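Here is what each chain is made of, one letter per residue.
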Amino acid sequence: MKPVIGLSCSTSTDAGVRPVRRYSCPEPYVRRVEEAGGIPILLPTADPSRVPGLLALVHGVLLIGGDDVDPSIYGAAPHRKLGPVDHARDEFEIAIARRAAADALPALGICRGCQVMNVALGGSLIQDIPAEVESPLSHAGRYDAAHDVAVTPGTRLHRLLGRKQVAVNSHHHQSIGSPADGFDVTARTSDGVVEAAELPGHAFFLGVQWHPERMPEADATRRLFRAFLEAAVARARSVGGSARPKAASKPPRAGRRAVRG
Ligand code: MN
(Lines give C-alpha, C1' and ligand atoms only; values in the text may rest on other atoms or scores of the structure.)
Protein backbone atom coordinates (compact mmCIF):
# COMPACT_ATOMS: atom_id res chain seq x y z
CA MET A 1 0.00 0.00 0.00
CA LYS A 2 1.36 3.39 -0.99
CA PRO A 3 0.21 6.44 0.93
CA VAL A 4 -0.44 9.70 -0.92
CA ILE A 5 1.66 12.66 0.23
CA GLY A 6 0.64 16.21 -0.60
CA LEU A 7 3.49 18.70 -1.09
CA SER A 8 3.07 22.45 -0.88
CA CYS A 9 4.40 24.65 -3.68
CA SER A 10 6.09 27.97 -4.18
CA THR A 11 4.67 30.58 -6.53
CA SER A 12 6.45 32.66 -9.11
CA THR A 13 5.26 35.05 -11.78
CA ASP A 14 6.53 35.10 -15.35
CA ALA A 15 8.01 38.23 -16.80
CA GLY A 16 6.44 39.45 -20.02
CA VAL A 17 3.40 41.16 -21.42
CA ARG A 18 0.89 38.62 -20.12
CA PRO A 19 2.49 37.25 -16.96
CA VAL A 20 0.98 34.18 -15.33
CA ARG A 21 1.63 32.74 -11.92
CA ARG A 22 3.30 29.33 -11.71
CA TYR A 23 3.41 26.78 -8.92
CA SER A 24 6.51 24.68 -8.40
CA CYS A 25 8.21 22.23 -6.07
CA PRO A 26 11.92 21.31 -6.18
CA GLU A 27 12.43 17.75 -7.40
CA PRO A 28 14.43 16.45 -4.38
CA TYR A 29 11.31 16.63 -2.14
CA VAL A 30 9.35 14.60 -4.67
CA ARG A 31 12.12 12.01 -5.10
CA ARG A 32 12.59 11.46 -1.35
CA VAL A 33 8.84 10.85 -0.92
CA GLU A 34 8.90 8.33 -3.77
CA GLU A 35 12.00 6.57 -2.45
CA ALA A 36 10.35 6.21 0.96
CA GLY A 37 7.34 4.54 -0.68
CA GLY A 38 4.88 7.39 -1.08
CA ILE A 39 2.90 8.79 -4.01
CA PRO A 40 3.70 12.53 -4.20
CA ILE A 41 1.07 15.00 -5.37
CA LEU A 42 1.49 18.78 -5.48
CA LEU A 43 -0.89 21.08 -3.64
CA PRO A 44 -0.84 24.47 -5.37
CA THR A 45 -1.66 27.44 -3.17
CA ALA A 46 -5.41 27.83 -2.73
CA ASP A 47 -7.85 29.64 -0.50
CA PRO A 48 -7.61 28.22 3.05
CA SER A 49 -11.28 27.19 2.81
CA ARG A 50 -10.17 24.52 0.30
CA VAL A 51 -7.77 22.87 2.74
CA PRO A 52 -10.15 20.32 4.35
CA GLY A 53 -11.17 18.99 0.93
CA LEU A 54 -7.59 18.81 -0.29
CA LEU A 55 -6.33 17.06 2.83
CA ALA A 56 -9.07 14.44 2.47
CA LEU A 57 -7.13 13.29 -0.61
CA VAL A 58 -3.82 12.62 1.17
CA HIS A 59 -2.36 10.51 3.97
CA GLY A 60 0.39 12.97 4.84
CA VAL A 61 1.57 16.47 4.00
CA LEU A 62 5.05 17.82 3.36
CA LEU A 63 5.46 21.56 3.86
CA ILE A 64 8.49 22.46 1.75
CA GLY A 65 11.06 25.24 2.05
CA GLY A 66 10.76 28.70 0.54
CA ASP A 67 10.59 32.38 1.26
CA ASP A 68 10.06 34.12 4.59
CA VAL A 69 6.76 34.01 6.47
CA ASP A 70 4.92 37.35 6.66
CA PRO A 71 5.67 38.55 10.21
CA SER A 72 2.27 40.30 10.47
CA ILE A 73 0.83 36.79 10.88
CA TYR A 74 2.66 36.32 14.17
CA GLY A 75 2.21 39.95 15.23
CA ALA A 76 5.68 41.33 14.48
CA ALA A 77 6.79 44.33 12.45
CA PRO A 78 8.92 43.48 9.42
CA HIS A 79 12.68 43.45 10.14
CA ARG A 80 14.83 45.34 7.62
CA LYS A 81 16.44 42.01 6.67
CA LEU A 82 13.09 40.34 5.97
CA GLY A 83 13.08 38.72 2.53
CA PRO A 84 10.18 38.43 0.06
CA VAL A 85 6.88 37.12 1.44
CA ASP A 86 3.84 35.47 -0.15
CA HIS A 87 0.89 36.08 2.12
CA ALA A 88 -1.48 33.78 0.21
CA ARG A 89 0.97 30.89 0.46
CA ASP A 90 1.46 31.58 4.16
CA GLU A 91 -2.28 31.46 4.84
CA PHE A 92 -2.70 28.26 2.80
CA GLU A 93 0.16 26.41 4.48
CA ILE A 94 -0.83 27.63 7.95
CA ALA A 95 -4.32 26.25 7.35
CA ILE A 96 -2.75 22.94 6.28
CA ALA A 97 -0.56 22.80 9.38
CA ARG A 98 -3.46 23.61 11.72
CA ARG A 99 -5.70 21.02 10.11
CA ALA A 100 -2.96 18.38 10.22
CA ALA A 101 -2.26 19.13 13.87
CA ALA A 102 -5.95 18.92 14.82
CA ASP A 103 -6.77 15.91 12.67
CA ALA A 104 -3.81 13.58 13.42
CA LEU A 105 -2.67 13.86 9.78
CA PRO A 106 1.07 13.12 9.48
CA ALA A 107 3.00 16.27 8.59
CA LEU A 108 6.66 16.91 7.90
CA GLY A 109 7.91 20.49 7.73
CA ILE A 110 11.24 21.29 6.11
CA CYS A 111 13.03 24.63 6.63
CA ARG A 112 10.27 27.20 5.99
CA GLY A 113 7.81 24.33 6.59
CA CYS A 114 9.09 23.93 10.15
CA GLN A 115 8.67 27.68 10.66
CA VAL A 116 5.14 27.59 9.20
CA MET A 117 4.21 24.82 11.67
CA ASN A 118 5.38 26.98 14.56
CA VAL A 119 3.52 30.09 13.38
CA ALA A 120 0.39 28.02 12.70
CA LEU A 121 0.36 26.85 16.31
CA GLY A 122 0.92 30.36 17.71
CA GLY A 123 4.71 30.72 17.83
CA SER A 124 6.98 33.38 16.35
CA LEU A 125 10.12 33.46 14.21
CA ILE A 126 13.57 34.99 14.26
CA GLN A 127 13.41 37.09 11.09
CA ASP A 128 17.15 37.21 10.44
CA ILE A 129 19.61 35.03 12.32
CA PRO A 130 22.76 37.15 11.67
CA ALA A 131 20.96 40.28 12.92
CA GLU A 132 19.14 38.75 15.89
CA VAL A 133 21.31 35.90 17.24
CA GLU A 134 24.47 36.57 19.21
CA SER A 135 27.58 34.92 17.67
CA PRO A 136 25.62 32.78 15.24
CA LEU A 137 27.05 29.90 13.27
CA SER A 138 26.88 30.17 9.49
CA HIS A 139 23.38 28.89 8.64
CA ALA A 140 23.14 30.08 5.05
CA GLY A 141 23.99 28.60 1.72
CA ARG A 142 25.20 25.09 2.44
CA TYR A 143 23.49 22.04 0.97
CA ASP A 144 26.29 19.76 2.17
CA ALA A 145 26.89 19.19 5.89
CA ALA A 146 27.29 22.63 7.49
CA HIS A 147 26.91 22.19 11.23
CA ASP A 148 25.96 19.65 13.87
CA VAL A 149 22.64 19.69 15.69
CA ALA A 150 22.16 18.38 19.22
CA VAL A 151 19.00 16.26 19.43
CA THR A 152 17.03 16.13 22.70
CA PRO A 153 16.98 12.58 24.09
CA GLY A 154 13.57 10.96 24.48
CA THR A 155 11.93 12.88 21.62
CA ARG A 156 10.44 11.35 18.49
CA LEU A 157 13.28 12.90 16.50
CA HIS A 158 15.82 11.21 18.75
CA ARG A 159 14.08 7.84 18.48
CA LEU A 160 13.82 7.96 14.72
CA LEU A 161 17.39 9.19 14.15
CA GLY A 162 18.85 6.91 16.82
CA ARG A 163 21.46 9.48 17.84
CA LYS A 164 21.98 12.68 19.82
CA GLN A 165 24.18 14.49 17.33
CA VAL A 166 23.71 14.80 13.59
CA ALA A 167 25.66 16.72 10.93
CA VAL A 168 23.18 18.55 8.71
CA ASN A 169 23.17 21.12 5.93
CA SER A 170 21.91 24.65 6.46
CA HIS A 171 20.22 27.04 4.05
CA HIS A 172 18.14 29.47 6.07
CA HIS A 173 18.30 32.94 7.60
CA GLN A 174 15.16 32.56 9.71
CA SER A 175 14.28 30.07 12.43
CA ILE A 176 11.79 29.44 15.22
CA GLY A 177 11.80 32.31 17.75
CA SER A 178 9.27 31.62 20.50
CA PRO A 179 8.10 28.03 20.13
CA ALA A 180 4.32 27.59 20.11
CA ASP A 181 2.77 26.03 23.21
CA GLY A 182 3.10 22.27 22.90
CA PHE A 183 5.43 22.42 19.88
CA ASP A 184 8.52 21.04 21.62
CA VAL A 185 11.98 22.06 20.43
CA THR A 186 13.90 18.83 19.76
CA ALA A 187 17.20 20.00 18.26
CA ARG A 188 19.44 23.06 18.39
CA THR A 189 22.80 24.18 17.10
CA SER A 190 25.51 25.30 19.54
CA ASP A 191 24.49 28.95 19.01
CA GLY A 192 21.01 28.14 20.33
CA VAL A 193 19.20 28.28 16.99
CA VAL A 194 16.22 25.90 16.87
CA GLU A 195 16.78 23.19 14.28
CA ALA A 196 13.78 20.89 14.91
CA ALA A 197 10.47 20.76 16.77
CA GLU A 198 7.60 18.33 17.14
CA LEU A 199 4.12 17.86 18.63
CA PRO A 200 4.40 15.05 21.17
CA GLY A 201 1.47 12.62 21.12
CA HIS A 202 0.60 13.42 17.48
CA ALA A 203 0.77 10.67 14.84
CA PHE A 204 3.66 12.59 13.24
CA PHE A 205 3.93 16.39 13.30
CA LEU A 206 7.58 17.27 13.04
CA GLY A 207 9.64 20.03 11.51
CA VAL A 208 13.34 20.26 10.76
CA GLN A 209 15.22 23.43 9.90
CA TRP A 210 17.74 21.70 7.65
CA HIS A 211 17.17 20.23 4.17
CA PRO A 212 17.20 16.42 4.46
CA GLU A 213 15.86 16.14 0.90
CA ARG A 214 19.16 17.59 -0.36
CA MET A 215 21.25 14.95 1.43
CA PRO A 216 19.74 11.78 -0.11
CA GLU A 217 22.60 9.52 0.98
CA ALA A 218 22.53 10.58 4.63
CA ASP A 219 21.29 8.01 7.12
CA ALA A 220 19.34 10.76 8.90
CA THR A 221 17.48 11.59 5.67
CA ARG A 222 16.42 8.01 5.06
CA ARG A 223 15.33 7.56 8.66
CA LEU A 224 13.35 10.78 8.69
CA PHE A 225 11.44 10.08 5.48
CA ARG A 226 10.92 6.44 6.44
CA ALA A 227 9.36 7.44 9.77
CA PHE A 228 7.14 10.03 8.06
CA LEU A 229 5.98 7.50 5.47
CA GLU A 230 5.34 4.86 8.14
CA ALA A 231 2.98 7.31 9.84
CA ALA A 232 1.32 7.99 6.48
CA VAL A 233 0.84 4.25 5.88
CA ALA A 234 -0.85 3.99 9.28
CA ARG A 235 -3.06 6.93 8.32
CA ALA A 236 -4.00 5.29 5.02
CA ARG A 237 -4.97 2.11 6.86
CA SER A 238 -7.04 3.99 9.43
CA VAL A 239 -9.04 5.97 6.86
CA GLY A 240 -9.26 3.13 4.37
CA GLY A 241 -8.35 5.46 1.52
CA SER A 242 -5.93 3.15 -0.24
CA ALA A 243 -6.00 0.17 2.08
CA ARG A 244 -6.37 -3.27 0.58
CA PRO A 245 -9.61 -4.88 1.70
CA LYS A 246 -9.18 -7.15 4.69
CA ALA A 247 -9.62 -10.87 4.03
CA ALA A 248 -12.86 -11.02 6.00
CA SER A 249 -14.43 -7.90 4.56
CA LYS A 250 -16.39 -7.45 1.37
CA PRO A 251 -14.51 -5.95 -1.57
CA PRO A 252 -15.21 -2.24 -1.94
CA ARG A 253 -17.83 -1.30 -4.48
CA ALA A 254 -16.48 0.48 -7.51
CA GLY A 255 -16.62 4.23 -7.27
CA ARG A 256 -17.23 4.31 -3.54
CA ARG A 257 -14.35 4.74 -1.18
CA ALA A 258 -14.69 5.80 2.41
CA VAL A 259 -12.29 8.70 2.71
CA ARG A 260 -12.46 11.24 5.45
CA GLY A 261 -10.22 14.16 6.18
MN1 MN B 1 21.09 25.72 10.40
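This text gives an overview of the structure that appears in the document.

What counts as what
- Residues numbered from 1 in each chain as written.
- Predicted model: local features only at pLDDT ≥ 70, side-chain atom pairs only at ≥ 80, totals over all residues.
- Heavy atoms only, no water.
- Pairing = 2+ DSSP bridges.
- Helix = DSSP H or I, 4+ residues; strand = E, 2+ residues; numbered from the N terminus.
- Axes fitted to C-alpha atoms, helices over the stretch in contact; angles between N-to-C directions.
- Contact = heavy atoms within 4.5 Å.
- Donors = N, O, S within 2.8 Å, 3.2 Å for Na, K, Ca; no water.
- Buried < 20%, exposed > 50% of the residue type's maximum accessible area, 1.4 Å probe, protein only.
- Core = buried A, V, L, I, M, F, W, Y, C linked by side-chain atoms within 4.5 Å.

**Side note on the sheet that holds strand β1 (residues 4-8)**
Strand order across the open sheet formed by 9 strands is β4-β1-β5-β6-β13-β12-β11-β8-β9, with mixed pairing between neighbours. A strand with exactly one partner marks an edge of an open sheet, and here the two such strands are β4 (39-43) and β9 (165-170). If you compare each strand with its neighbour and ignore which way they point, the axes differ by 25 degrees on average. When strand β6 (residues 107-110) meets strand β13 (residues 205-208), the two strands line up parallel, connected through 4 bridges. Each bridged residue has a counterpart across the sheet, and for isoleucine 110 the counterpart in β13 is valine 208. Against the sheet, helix α7 (residues 219-239) makes contact with β1, β5 (60-63), β6, β9 and β13, and its axis sits at roughly 150 degrees relative to β6, the strand it touches most.

**Considering the coordination of the manganese ion**
Listed as protein donors to the manganese ion are His139 (ND1), His147 (NE2), Ser170 (OG), His172 (NE2) and Glu195 (OE); their distances from the metal cover 2.2 to 2.3 Å. Donor residues for the manganese ion sit on one chain with the sequence pattern H-x7-H-x22-S-x1-H-x22-E. Placement of the pair is histidine 139 in the loop between α5 (129-132) and β8 (142-151) and histidine 172 in the loop between β9 and β10 (175-176), with a sequence separation of 33 residues. Neither histidine 139 nor histidine 172 differs from the other in exposure class; each is buried.

**So, the nonpolar core**
Ranked by internal contacts, the top residues of the largest apolar core, which has 33 residues, are Leu55, Val61, Phe92, Ile96, Phe183 and Phe205. Elements that contribute at least two residues to this core include exactly α2 (51-55), β5, α3 (87-102), α4 (112-120) and β12 (194-198). Per-element accounting of this core gives the leading share, 7 residues, to α3. Setting aside its immediate chain neighbours within four residues, phenylalanine 92 contacts Leu43, Pro44, Thr45, Ala46, Asp47, Pro48, Val51 and Leu54. Of all hydrophobic cores here, the second largest spans 32 residues; its members include Leu161, Val208, Trp210 and Ala231.

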